[in-house]
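# Summary of structural features
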Amino acid sequence: EANFGENMLSVNSIADHFNLTPQYISAVYKKSSGQNLTDYVAEVRIREAKKLLMHQSMTIAQVAAKVGYANDIGFIRFFKKYEGITPGKYKDFV
């Protein structure tokens, strides 16, 4: 959770950190938590993005960078997929 902002964070990088295979770490995580590891990372990133979007001084690109996206285009697609609205619209509502 502490590393959600790293744009290279992936199941592969987590597995490498622990010297395990991606398949093994995914299976162990799902068995213990009931949730896919990639879904958990997405959940943490969305939660943090929502907090950051409340700060009117931050741009969408700045929020994207803080939650681990190299550019705002990928972040906008990701956010809309999980929340149903774009981060810009979300920001307008808060």
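Scroll up to find the structure.
For the structure given in this document, a descriptive report is provided here. (Residues numbered from 1 in each chain as written. Predicted model: local features only at pLDDT ≥ 70, side-chain atom pairs only at ≥ 80, totals over all residues. Heavy atoms only, no water.)

Counting across every chain of the model gives 3 salt bridges. A salt bridge links Glu48 to Arg47, with the nearest nitrogen and oxygen atoms 4.0 Å apart. Assessed through its relative accessible area of 18%, Glu48 is described here as buried. What makes Arg47 partly exposed here is its relative accessible area of 31%. Glu83 serves as the salt-bridge partner of Lys50, at 3.1 Å between the closest nitrogen and oxygen. With a gap of 33 residues between them, Lys50 in helix α3 (residues 37–53) and Glu83 in helix α5 (residues 72–83) connect regions that are remote in the sequence. For Lys50, a relative accessible area of 24% gives the class partly exposed. Overall, Glu83 belongs to the partly exposed group, its relative accessible area being 30%. (Salt bridge = Lys/Arg side-chain N within 4 Å of Asp/Glu carboxyl O. Buried < 20%, exposed > 50% of the residue type's maximum accessible area, 1.4 Å probe, protein only. Helix = DSSP H or I, 4+ residues; strand = E, 2+ residues; numbered from the N terminus.)

The contact between α3 and α5 brings their axes to 11 Å, and the two run at 100 degrees. By the angle between their axes, α3 is roughly perpendicular relative to α5. Contact with α3, carried on its side by Asp39, Ala42, Arg45, Ile46, Ala49, Lys50 and Leu53, involves Phe75, Phe78, Phe79, Tyr82 and Glu83 of α5 and no other residues of that element. In terms of residue class, the contact of α3 with α5 is built from 8 nonpolar, no polar and 4 charged. (Axes fitted to C-alpha atoms, helices over the stretch in contact; angles between N-to-C directions. Parallel < 35°, antiparallel > 145°, perpendicular 65-115°, else oblique. Contact = heavy atoms within 4.5 Å. Nonpolar A, V, L, I, M, F, W, Y, C, P; charged D, E, K, R; others polar.)

Let us now look at the packing of aromatic side chains. One pass over the structure, following the stated rule, counts 6 aromatic pairs. The interplanar angle of 50 degrees and the centroid separation of 5.0 Å between the aromatic rings of Phe78 and Tyr82 together place this pair among those described as tilted. Remark: Tyr82 and Phe78 occur in helix α5; sequence separation between them is 4 residues, near one turn of the helix. Exposure remark for Phe78: the relative accessible area of 12% places this residue in the buried category. (Phe/Tyr/Trp six-rings, centres within 6.5 Å; stacked < 30°, edge-to-face > 60°.)

Further remarks concern a nonpolar patch on the surface. A cluster of nonpolar residues, Phe18, Leu20, Tyr24 and Val28, forms a patch on the protein surface that exposes about 380 Å² of accessible area. Inspection of the secondary structure puts Leu20 in the loop between α1 (11–17) and α2 (22–33). Leu20 gets classed as partly exposed once you look at its relative accessible area, which sits at 35%. (Patch = residues over 30% accessible without salt bridge, like charges linked within 9 Å, V, L, I, M, F, W, Y side chains within 5 Å. Areas by Shrake-Rupley, 256 points an atom, 1.4 Å probe, with all protein chains shown as cover.)

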